[in-house]
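# Topology and contacts: notes
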Amino acid sequence: MELLPRSPGEFGSARYWDRFFRQRGQRPFEWYGAFPELCPVLHKYVRPRDKVLVVGCGNSELSEQMYDVGMCEDIVNIDISDAVIRQMQERSGSKRPKMSYLLMDMLQMDFPDAHFQVVLDKGTLDAVLTDEEEATLAKVDKMFAEISRVLQVGGRYFCVSLAQTHVLKKAVKYFSQEGWVVRVHQVAGSGDKQQFVLPVFVYVMTKFRKIPGSAPQILEICPEEQDKPMRVESVERLVAAVKDRQHYALLCSQLSKTPCGEQVSLDLCDKESGRPRYTLHVVDSPSVKPSRDNHFAIFIIPQGRETEWLFGMEEGRRQLATSAGFGRLVTVALHREQHYEGMAGIQAELSGKVMELAPPGLPARQQVPFLSVGGDIGVRTVRHRDTSPLSGEYVVEDVKGDGTCYFRRLVFLCNRNVVQSEARLLARTPLTGQKKRRKDKKKPNPSEPPAAIDKSYLCCEHHKAMVAGLCLLGGPDPVPALLAVLVVGLGGGSLPLFVHDYFSQAHVAVVEIDPSMLEVATRWFGFSEGDRMRVHISDGLDYVAKLAAEGTILQSVPAQYDAIMFDVDSKDLMVGMSCPPPAFVEKPFLQKVKTILKPEGVFVLNLVCRDAQLKESVLATLREVFPLLYARCIEGEVNEILFCQPSPKGRQDPAELGARARALEGALRQPGRPWDSSYVLADMLQAVKIL
């Protein structure tokens, strides 16, 4: 501890460094970045004939090792500590005759202009730039000016650094504004078993003559020494890229020492585009007893299935890891914007990177298995991609489910892990990635009309529950003679389509704020309007308010609805409730909903709320407006379906609900009309509770 300075300012004091090296003795002191790690980067640029200046050399062995391996011999080392210069002259003088050690201040060097092809600084800038005080910044400016003066045009300044934000910004801004090319290398292997957990970086700054005017900055980063440089457009983006790598190194260090209590998530990005290519979740299972073969495994989630509960939710991934029987499982989700060369290609691409996430105690040379469902990576084909002014960027894609089933999905890319709408395809659609059975079979064209949609199948469990809620309607008949239904939120149209097709006397009004969604539902999900189905492009808030004020509905539909269904998402991702938007559950608006609902009718609300306090507030408001409130939680999902009725007189016990559900299902199941055998209305209402 006595070697540490009393203040950061002492790093610039010759007296401090004299004391430091006298007390340390002959033992070399490497701040960070030993020669084996730095050699691949230096070897790219340093030529044997180069004249090299090392500023702030200390008693590092770097110069000696560069000399001994023949990288270069004409090396001049300078330092402000007389003690270390004497020490190094004694240690290297006779062994390395072409290399010299001089007592000199790098802020005021005696060398002539343009004397060197290389200036090398290992930790010196980090030691000088300890803060952003005016005096410190002035000293650094002087250091940079001297380095620039003694370096030839075309020469390079190598700065080995931990790349603290203020240090990196200062160096990059200074030299890029001078017209130099700046490239930042991450030193391979520097973030795992080295003295410092943080990775080591080398700024390679190449001197060019300054061009008058505003010449474009050339800024690049090389994540590892074998990678091609990636161009970045600004100093801020370069700093952000370095920060990402520092955070990753800290994460790997933490994961290598202790099991993680909470699941860790990170993105691995494509080297060319910078877009996320893989999303990884690290899941530890303390209940799994470790053995030689069950420490660690990688699970590749098939394309299109990353939104399923088992893969997309924290509890699901925990269950997956436990059932797989591994102490640490890394799940890997594949992104729709990327192309993958099968399981073998993914394994080759990820093998080195995922080993950095290995758990403590992993036996040496342990083979880590790559797992998946059915051994393949699934199939995903984007059929349509567009941008809506209201919903943002979205995609319509076909994905392969279990077995031979294929599904069409609508996904808003602002929340890419949530399937907005889903429908099953009637026949298996040939998708990109499938083997052709016949040579003359044409490849599917994404612009072709969509395959037939199975309108009898409700993919979403919450839609099944919402339809089952129609059992709460009063009256002696399972299906009312005339059923007026209002659905707010169209999406792909599966919910209103099912009600329209299976309730043959139903008149369905759909309110959708985004006209793009009507086009998507019609073109890609088999939706169509007719005498009993009308879509109104309007804000649901305005539409309901207008109906409540007028008390009438156009086109001879009764003034009040038998059922009102809200299945509308919130665009505000900062609120802990993603469905519906908060304004839809405020008391004044709910009272308007009650106004247009028949006394024996039912208001069905799809509630998705992760904020427990907010959820309790919503339920309390609903109870104030609707005396009778039922709730049905969707297993494995955040969704909770709420059935609200204006009168407590309609209260039914579970036995009554079961009987009505069986009667309704019997009425809906008619000869010649397809019915999903897994959809049992009584089962959907079995878990309903009265709030």
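Owing to the predicted nature of the structure, the values given are computational and were not obtained by experimental measurement. One numbering rule holds for all chains: residues counted from 1, following each sequence as written. Owing to the predicted nature of the model, reporting of local features is limited to residues with pLDDT of at least 70; listing and counting of side-chain atom pairs is limited to 80 or more, with chain, interface and lining totals taken over all residues. Excluding hydrogens and water, the side-chain values take into account all heavy atoms of the structure.

Our next topic: the overall build of the chain. What the chain contains, in helices and strands, is 19 helices and 27 strands. Residue burial is assigned from relative accessible area. The probe radius is 1.4 Å, only protein chains are included, and a residue is buried under 20% of its type maximum, exposed over 50%, and partly exposed in between. The proportion of buried residues among the 691 residues of the chain is 50%. Relative to all contacts within the chain whose residues are 6 or more apart in sequence, the contacts with residues 24 or more apart total 70%. Working note: accessible area of the chain is about 32500 Å², and carbon and sulfur atoms make up 51% of it. Helical segments are the DSSP runs of H or I of at least four residues, strand segments are the runs of E of at least two, and each set is numbered from the N terminus. By definition in these notes, contact holds between two residues if any of their heavy atoms fall within 4.5 Å. Note on areas: Shrake-Rupley with a 1.4 Å probe; residue coverage comes only from the protein chains shown.

When DSSP finds two or more bridges between a pair of strands, those strands are recorded as paired. Pairing of strand β15 (residues 380-388) with strand β16 (residues 392-400) involves 8 bridges; the strand directions are antiparallel. Paired with Arg380 across the two strands is Val399, which belongs to β16. Taking the residues between adjacent antiparallel strands as the criterion, β15 and β16 are bridged by 3 residues.

Glancing now at the environment of Phe208. Mapped onto the elements, Phe208 comes out in the loop between β7 (201-206) and β8 (219-222). Residues Phe208 and Arg156, 52 residues apart in the sequence, show an inter-C-alpha distance of 9.6 Å. If we skip the residues at most four places from it in the chain, Phe208 touches Val153, Glu178, Gly179, Trp180 and Val181.

Looking now at the confidence of the model for the chain. Any region with low pLDDT has predicted coordinates that should not be read closely. pLDDT measures how confident the predictor is about each residue, on a scale from 0 to 100. On average, the chain scores 84 in pLDDT, and the residues at 70 or more come to 87%. The element-level mean pLDDT for the chain is lowest in helix α1 (residues 14-24), coming to 56, with strand β1 (residues 52-55) highest at 96. Below a pLDDT of 50 lies the segment residues 445-450, which in the model reaches 9 contacts outside its immediate sequence neighbourhood of four places, other chains included. The low-confidence segment residues 552-558 (pLDDT under 50) makes 10 contacts with residues lying over four places distant or belonging to another chain.

Time to look at the pattern of salt bridges. Should a side-chain nitrogen of Lys or Arg be within 4 Å of a carboxyl oxygen of Asp or Glu, the pair is scored as a salt bridge. Within this structure, the stated rule accounts for 34 salt bridges. The salt bridge involving Glu308 is made with Arg305; its shortest N-O contact spans 2.7 Å. The partner of Glu640 in a salt bridge is Lys615, with the nearest N and O atoms 2.6 Å apart. On the criterion of sequence distance, the pair formed by Glu640 in strand β26 (residues 639-645) and Lys615 in helix α17 (residues 612-625) is long-range, its members being 25 residues apart. The exposure class assigned to Glu640 is buried, which follows from its relative accessible area of 4%. Taken together, the salt bridges that share partners define one network made up of Glu64, Asp68, Arg91 and Arg96.

In space, the 9 strands of this open sheet follow the order β3-β2-β1-β4-β5-β7-β6-β8-β9, with mixed pairing throughout. Each edge of the open sheet is held by one strand with a lone partner, namely β3 (100-103) and β9 (230-232). Ignoring which end each strand starts from, the neighbouring axes of this sheet average 20 degrees apart. As paired elements, strand β5 (residues 151-161) and β7 share 6 bridges and run antiparallel to each other. Looking at β7, one finds that Ser161 is bridged to Phe201. Axis definition: a line fit to C-alpha positions, over the contact stretch in the case of helices; interaxial angles, taken between N-to-C directions, run 0 to 180 degrees.

Time to look at the pairing of β3. Two strands pair when backbone bridges link them, and strand β2 (residues 75-79) and β3 are joined in this way by 4 bridges, in the parallel orientation. For Asn77, the partnering residue across the bridge sits in β3 and is Tyr101.

What follows concerns the side chain of Thr621. When you line up the elements, Thr621 lands in helix α17. When its relative accessible area of 15% is taken as the criterion, Thr621 is described as buried. If we ignore the near neighbours within four places in the chain, the residues touching Thr621 are Val585, Glu586, Lys587 and Leu590.

The residue Ala612 is located in helix α17 in this model. Judged by relative accessible area, which is 61%, Ala612 ranks as exposed. With 35 residues separating them in the primary sequence, Ala612 and Met577 have C-alpha atoms 9.7 Å apart.

Take the sheet that holds strand β18 (residues 421-424) next. If you trace the 4 strands from one edge of the open sheet to the other, you get β15-β16-β17-β18, paired in antiparallel fashion. Each end of this open sheet is capped by a strand with a single partner; those strands are β15 and β18. On average, each strand axis in the sheet is tilted by 15 degrees relative to the strand beside it, whichever way the strands run. Where helix α14 (residues 515-524) meets the sheet, its contacts fall on β15, β16 and β17 (406-412), and the angle it forms with β16 comes to roughly 20 degrees.

This next bit is on the packing of aromatic side chains. Ring pairs are drawn from Phe, Tyr and Trp, using the six-membered ring of Trp, whenever the two centres fall within 6.5 Å, and their geometry is named by plane angle: stacked under 30 degrees, edge-to-face over 60, tilted for the rest. Tallying each qualifying case throughout the model produces 19 aromatic pairs. The interplanar angle of 35 degrees and the centroid separation of 5.5 Å between the aromatic rings of Phe603 and Phe626 together place this pair among those described as tilted. Highlighted residues: Phe603 in strand β24 (residues 597-609) and Phe626 in the loop between α17 and β25 (628-633), separated in sequence by 23 residues. Judged by relative accessible area, Phe603 falls into the buried class, the value being 0%. On the basis of relative accessible area, Phe626 is assigned to the buried category, the value being 0%.

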